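Next come the chains, spelled out residue by residue.
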Amino acid sequence: MNIVLFGGPGSGKGTQSEKLIDKYGLHHISTGEVLRDHIKRETELGKIAKSYIDEGQLIPDDLMIRILDDVLEKEAKDKPGVIFDGFPRTIPQAEALNELLNKRGKELHAVVGLEVPDEKLVARMIQRGKDTGRADDNEETIKKRLHVYHNQTSPLKEHYKKQNKYVAIDGDREINNIFEAITKELDKIGKPDVRD
Ligand code: AMP
(Lines give C-alpha, C1' and ligand atoms only; values in the text may rest on other atoms or scores of the structure.)
Protein backbone atom coordinates (compact mmCIF):
# COMPACT_ATOMS: atom_id res chain seq x y z
CA MET A 1 0.00 0.00 0.00
CA ASN A 2 1.51 3.31 -1.12
CA ILE A 3 -0.21 6.37 0.23
CA VAL A 4 0.32 10.12 0.28
CA LEU A 5 -0.48 12.03 3.45
CA PHE A 6 -1.61 15.37 2.18
CA GLY A 7 -2.46 18.64 3.92
CA GLY A 8 -1.25 22.11 4.81
CA PRO A 9 1.79 22.78 6.94
CA GLY A 10 0.93 21.81 10.52
CA SER A 11 -2.01 19.62 9.47
CA GLY A 12 -0.68 16.61 11.41
CA LYS A 13 0.99 14.63 8.61
CA GLY A 14 4.02 13.76 10.74
CA THR A 15 1.95 12.78 13.79
CA GLN A 16 -0.41 10.57 11.81
CA SER A 17 2.50 9.04 9.85
CA GLU A 18 4.02 7.77 13.08
CA LYS A 19 0.80 6.07 14.05
CA LEU A 20 0.34 4.57 10.57
CA ILE A 21 3.88 3.16 10.59
CA ASP A 22 3.07 1.36 13.83
CA LYS A 23 -0.20 -0.07 12.57
CA TYR A 24 0.64 -1.02 8.98
CA GLY A 25 4.44 -1.36 9.05
CA LEU A 26 4.77 1.10 6.18
CA HIS A 27 8.01 2.85 5.34
CA HIS A 28 7.84 6.60 5.96
CA ILE A 29 9.39 9.17 3.64
CA SER A 30 9.11 12.78 4.79
CA THR A 31 10.80 15.06 2.27
CA GLY A 32 10.91 17.84 4.89
CA GLU A 33 12.83 15.53 7.24
CA VAL A 34 15.18 14.44 4.45
CA LEU A 35 15.99 18.11 3.78
CA ARG A 36 16.35 19.02 7.47
CA ASP A 37 18.78 16.12 7.85
CA HIS A 38 20.91 17.51 5.01
CA ILE A 39 20.85 20.94 6.66
CA LYS A 40 21.96 19.42 9.96
CA ARG A 41 24.82 17.56 8.25
CA GLU A 42 25.76 20.75 6.36
CA THR A 43 25.85 19.03 2.97
CA GLU A 44 25.81 20.96 -0.33
CA LEU A 45 22.17 20.00 -0.77
CA GLY A 46 21.51 21.16 2.79
CA LYS A 47 22.82 24.64 1.96
CA ILE A 48 20.56 24.90 -1.08
CA ALA A 49 17.56 23.51 0.83
CA LYS A 50 18.06 25.95 3.72
CA SER A 51 17.90 28.97 1.39
CA TYR A 52 14.40 27.91 0.29
CA ILE A 53 13.09 26.56 3.58
CA ASP A 54 14.06 29.72 5.49
CA GLU A 55 11.99 31.71 2.99
CA GLY A 56 9.02 29.37 3.26
CA GLN A 57 9.43 28.48 -0.44
CA LEU A 58 9.43 25.11 -2.15
CA ILE A 59 12.62 23.44 -3.32
CA PRO A 60 12.51 23.47 -7.17
CA ASP A 61 10.69 20.49 -8.65
CA ASP A 62 13.57 19.00 -10.66
CA LEU A 63 15.85 18.94 -7.63
CA MET A 64 13.14 17.64 -5.29
CA ILE A 65 12.15 14.87 -7.71
CA ARG A 66 15.79 13.73 -8.03
CA ILE A 67 16.05 13.65 -4.23
CA LEU A 68 12.92 11.51 -3.93
CA ASP A 69 14.09 9.12 -6.67
CA ASP A 70 17.32 8.68 -4.75
CA VAL A 71 15.57 8.07 -1.40
CA LEU A 72 13.21 5.54 -2.99
CA GLU A 73 16.15 3.69 -4.50
CA LYS A 74 18.13 3.62 -1.26
CA GLU A 75 15.40 3.09 1.32
CA ALA A 76 12.21 1.76 -0.15
CA LYS A 77 13.23 -0.90 -2.66
CA ASP A 78 12.10 -3.95 -0.73
CA LYS A 79 9.44 -2.28 1.38
CA PRO A 80 5.84 -3.46 1.06
CA GLY A 81 4.54 0.09 1.09
CA VAL A 82 5.42 3.72 1.65
CA ILE A 83 3.76 6.72 3.28
CA PHE A 84 4.76 9.85 1.40
CA ASP A 85 4.63 12.79 3.80
CA GLY A 86 5.14 16.24 2.25
CA PHE A 87 5.50 14.96 -1.31
CA PRO A 88 4.06 15.76 -3.82
CA ARG A 89 3.57 19.50 -3.31
CA THR A 90 3.06 20.49 -6.96
CA ILE A 91 1.38 18.97 -10.03
CA PRO A 92 4.76 18.17 -11.70
CA GLN A 93 5.79 16.37 -8.49
CA ALA A 94 2.55 14.36 -8.55
CA GLU A 95 3.23 13.34 -12.15
CA ALA A 96 6.79 12.43 -11.25
CA LEU A 97 5.64 10.33 -8.28
CA ASN A 98 3.44 8.34 -10.60
CA GLU A 99 6.39 7.70 -12.92
CA LEU A 100 8.79 6.88 -10.09
CA LEU A 101 6.34 4.31 -8.70
CA ASN A 102 5.41 2.88 -12.10
CA LYS A 103 9.02 2.34 -13.11
CA ARG A 104 9.36 0.23 -9.96
CA GLY A 105 6.20 -1.72 -10.78
CA LYS A 106 4.22 0.03 -8.03
CA GLU A 107 1.28 2.37 -7.84
CA LEU A 108 -0.26 5.00 -5.59
CA HIS A 109 -3.35 3.73 -3.79
CA ALA A 110 -4.70 6.73 -1.93
CA VAL A 111 -4.11 10.36 -1.03
CA VAL A 112 -5.29 11.05 2.50
CA GLY A 113 -6.03 14.76 2.88
CA LEU A 114 -5.95 16.13 6.41
CA GLU A 115 -8.27 19.13 6.26
CA VAL A 116 -7.66 21.78 8.92
CA PRO A 117 -8.69 25.48 8.88
CA ASP A 118 -5.83 27.98 8.37
CA GLU A 119 -6.12 29.61 11.80
CA LYS A 120 -5.69 26.21 13.46
CA LEU A 121 -2.66 25.46 11.26
CA VAL A 122 -1.05 28.74 12.32
CA ALA A 123 -1.70 28.09 16.02
CA ARG A 124 -0.30 24.54 15.78
CA MET A 125 2.87 25.66 13.98
CA ILE A 126 3.50 28.46 16.46
CA GLN A 127 3.16 25.95 19.28
CA ARG A 128 5.46 23.46 17.48
CA GLY A 129 8.03 26.24 17.00
CA LYS A 130 8.00 26.83 20.76
CA ASP A 131 8.17 23.12 21.59
CA THR A 132 10.82 22.03 19.08
CA GLY A 133 12.64 25.18 17.98
CA ARG A 134 11.95 24.28 14.35
CA ALA A 135 13.41 27.22 12.41
CA ASP A 136 10.61 27.72 9.85
CA ASP A 137 7.86 27.65 12.51
CA ASN A 138 7.96 31.40 13.06
CA GLU A 139 5.10 33.75 12.29
CA GLU A 140 6.62 35.35 9.18
CA THR A 141 7.67 32.07 7.51
CA ILE A 142 4.40 30.37 8.49
CA LYS A 143 2.48 33.04 6.52
CA LYS A 144 4.63 32.42 3.45
CA ARG A 145 4.27 28.63 3.76
CA LEU A 146 0.49 28.91 3.92
CA HIS A 147 0.49 31.15 0.86
CA VAL A 148 2.64 28.63 -1.02
CA TYR A 149 0.35 25.83 0.12
CA HIS A 150 -2.78 27.53 -1.21
CA ASN A 151 -1.16 28.55 -4.49
CA GLN A 152 1.01 25.60 -5.42
CA THR A 153 -0.04 22.58 -3.38
CA SER A 154 -3.80 22.71 -2.81
CA PRO A 155 -4.57 22.23 -6.58
CA LEU A 156 -3.40 18.65 -6.01
CA LYS A 157 -6.65 17.97 -4.21
CA GLU A 158 -8.64 18.33 -7.47
CA HIS A 159 -5.91 16.48 -9.36
CA TYR A 160 -6.30 13.42 -7.13
CA LYS A 161 -10.09 13.75 -6.85
CA LYS A 162 -10.25 13.34 -10.63
CA GLN A 163 -8.26 10.12 -10.24
CA ASN A 164 -10.62 8.93 -7.48
CA LYS A 165 -7.71 8.72 -5.07
CA TYR A 166 -8.46 11.59 -2.70
CA VAL A 167 -9.82 10.72 0.73
CA ALA A 168 -10.87 13.76 2.79
CA ILE A 169 -10.30 13.52 6.53
CA ASP A 170 -11.43 16.13 9.06
CA GLY A 171 -8.07 16.90 10.65
CA ASP A 172 -9.46 19.37 13.17
CA ARG A 173 -10.11 16.79 15.89
CA GLU A 174 -8.36 14.86 18.57
CA ILE A 175 -5.33 12.90 17.25
CA ASN A 176 -6.80 9.44 17.94
CA ASN A 177 -10.12 10.29 16.28
CA ILE A 178 -8.29 11.45 13.17
CA PHE A 179 -6.24 8.26 13.16
CA GLU A 180 -9.36 6.12 13.49
CA ALA A 181 -10.97 7.91 10.53
CA ILE A 182 -7.83 7.35 8.42
CA THR A 183 -7.56 3.65 9.24
CA LYS A 184 -11.24 3.16 8.46
CA GLU A 185 -10.63 4.56 4.99
CA LEU A 186 -7.38 2.68 4.42
CA ASP A 187 -8.94 -0.60 5.47
CA LYS A 188 -11.38 -0.21 2.57
CA ILE A 189 -8.50 -0.19 0.09
CA GLY A 190 -8.26 -3.54 -1.62
CA LYS A 191 -11.93 -4.10 -0.88
CA PRO A 192 -13.46 -1.88 -3.61
CA ASP A 193 -16.92 -3.43 -3.12
CA VAL A 194 -17.27 -1.76 0.28
CA ARG A 195 -15.82 1.58 -0.81
CA ASP A 196 -18.33 4.47 -0.76
P1 AMP B 1 7.64 19.91 5.81
O2 AMP B 1 8.49 19.30 6.87
O3 AMP B 1 6.96 18.89 4.93
O4 AMP B 1 6.67 20.95 6.33
O5 AMP B 1 8.64 20.71 4.83
C6 AMP B 1 9.42 21.79 5.28
C7 AMP B 1 9.96 22.58 4.09
O8 AMP B 1 10.76 21.72 3.26
C9 AMP B 1 8.88 23.13 3.14
O10 AMP B 1 8.37 24.37 3.59
C11 AMP B 1 9.67 23.26 1.84
O12 AMP B 1 10.51 24.39 1.86
C13 AMP B 1 10.58 22.04 1.88
N14 AMP B 1 9.95 20.87 1.22
C15 AMP B 1 9.56 19.70 1.83
N16 AMP B 1 9.00 18.87 0.95
C17 AMP B 1 9.03 19.50 -0.24
C18 AMP B 1 8.58 19.18 -1.56
N19 AMP B 1 7.96 18.02 -1.82
N20 AMP B 1 8.80 20.09 -2.54
C21 AMP B 1 9.41 21.25 -2.31
N22 AMP B 1 9.83 21.64 -1.10
C23 AMP B 1 9.65 20.77 -0.06
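Each remark here, short or long, concerns the structure printed above.
Quick caveat: nothing in here was measured; it's all calculated off a predicted structure.

Student: Where do I start with the overall build of the protein chain in this structure?
Tutor: Of the regular secondary structure elements, the protein chain holds nine helices and five strands. Radius of gyration (C-alpha) of the protein chain: 16 Å, near the 16 Å computed for a compact globule of 196 residues. Overall, the protein chain is about 45 × 35 × 30 Å in size when its C-alpha atoms are taken along their principal axes. Pairs at least 24 residues apart make up 75% of the contacts formed inside the protein chain by residues separated by at least 6 positions. On the protein chain, roughly 10400 Å² of surface is accessible, and the fraction owed to carbon and sulfur atoms is 49%. Treating the 33 positive side-chain charges of the protein chain as one cloud and the 36 negative ones as another, the clouds have centres 1 Å apart.

Student: What is the right way to look at the nonpolar core in this model?
Tutor: The nonpolar side chains of soluble globular proteins are, as a tendency, buried together. Judged by nonpolar contacts, the single largest core of 31 residues is most densely connected at Ile29, Ile67, Leu68, Phe84, Leu97 and Tyr160. Breaking this core down by element, the ones donating at least two residues are strand 1 (3-7), helix 2 (31-40), helix 3 (44-53), helix 4 (61-75), strand 3 (82-85), helix 5 (91-102) and helix 8 (155-162). Considering each element in turn, this core owes the most residues, seven residues, to helix 4. Residue contacts for Ile67: discarding those within four places in its chain leaves Val34, Leu35 and Leu45. Core analysis: the second largest hydrophobic core is formed by 15 residues, Leu5, Ile83, Val167 and Ile182 among them.

Student: Which parts of the structure should I look at to understand helix 8?
Tutor: Residues spaced three or four apart along an α-helix point in a common direction, a consequence of the helix completing one turn every 3.6 residues. Of the residues making up helix 8, those classed as buried are Leu156, His159 and Tyr160. Down the axis of helix 8, the buried set is contained in an arc of 90°. They therefore lie on one face. Buried residues belonging to helix 8 abut strand 1, helix 5, strand 4 (110-115), helix 7 (139-153) and strand 5 (166-170). Phi turns positive one or two residues past the end of helix 8, at Asn164, with a value near 65°.

Student: Mind showing me how you'd approach the packing of aromatic side chains here?
Tutor: The description of an aromatic ring pair rests on the distance of the ring centres and on the angle between the ring planes. Following the criterion strictly, the structure yields two aromatic pairs and no others. An angle of 80° between the planes, with centres 6.2 Å apart, marks the rings of Phe6 and Tyr166 as edge-to-face. Placement of Phe6 in strand 1 and of Tyr166 in strand 5 is noted, with a sequence separation of 160 residues between them. The pair formed by Phe6 and Tyr166 is uniform in burial state, with each residue classed as buried. Three or more aromatic residues joined by ring pairs make a cluster, and in this case those are Phe6, Tyr149 and Tyr166. Sitting over the ring of Phe179, Lys19 keeps its end group 5.1 Å from the ring centre. For Lys23, the ring lying beneath its charged end belongs to Tyr24, and the centroid distance is 5.6 Å.

Student: I'm lost on the site of the ligand in this one. Help?
Tutor: Close to the ligand lie 16 residues, the nearest being Thr31, Arg36, Gln57, Gly86 and Arg89. One nitrogen or oxygen atom from the side chain of Arg36 is found 2.9 Å from an oxygen atom belonging to the ligand. If you tally residues by element for the shell around the ligand, the top one is helix 2, at four residues. Each residue belonging to the shell around the ligand can be placed in one class, and the counts come to six nonpolar, five polar and five charged.

Student: Any chance you could explain unusual backbone geometry here in plain terms?
Tutor: With the exception of glycine, the majority of residues adopt a negative phi angle, and the majority of peptide bonds are in the trans configuration. Of note, the bond from Phe87 into Pro88 is cis; its omega dihedral lies within 30 degrees of zero at 0°. Relative to the elements of secondary structure, Pro88 occurs in the loop between strand 3 and helix 5. In this structure, Glu42 takes a positive phi of about 55° despite not being glycine. Within the element layout of this structure, Glu42 appears in the loop between helix 2 and helix 3.

What counts as what
Residues numbered from 1 in each chain as written. Predicted model: local features only at pLDDT ≥ 70, side-chain atom pairs only at ≥ 80, totals over all residues. Heavy atoms only, no water. Helix = DSSP H or I, 4+ residues; strand = E, 2+ residues; numbered from the N terminus. Rg over C-alpha atoms; globule rule 2.2 N^0.38 Å. Contact = heavy atoms within 4.5 Å. Areas by Shrake-Rupley, 256 points an atom, 1.4 Å probe, with all protein chains shown as cover. Lys, Arg positive; Asp, Glu negative; His and termini not counted. Charge placed at Lys NZ, Arg CZ, Asp CG, Glu CD. Core = buried A, V, L, I, M, F, W, Y, C linked by side-chain atoms within 4.5 Å. Buried < 20%, exposed > 50% of the residue type's maximum accessible area, 1.4 Å probe, protein only. Arc of directions from axis to C-beta. Phe/Tyr/Trp six-rings, centres within 6.5 Å; stacked < 30°, edge-to-face > 60°. Lys NZ or Arg CZ within 6 Å of the ring centre and 35° of its normal. Near = heavy atom within 4 Å. Polar contact = N/O pair within 3.5 Å; in protein donor to acceptor, adjacent residues only side chain to side chain. Nonpolar A, V, L, I, M, F, W, Y, C, P; charged D, E, K, R; others polar.

Treat this as a map of the structure, not an account of what it does.
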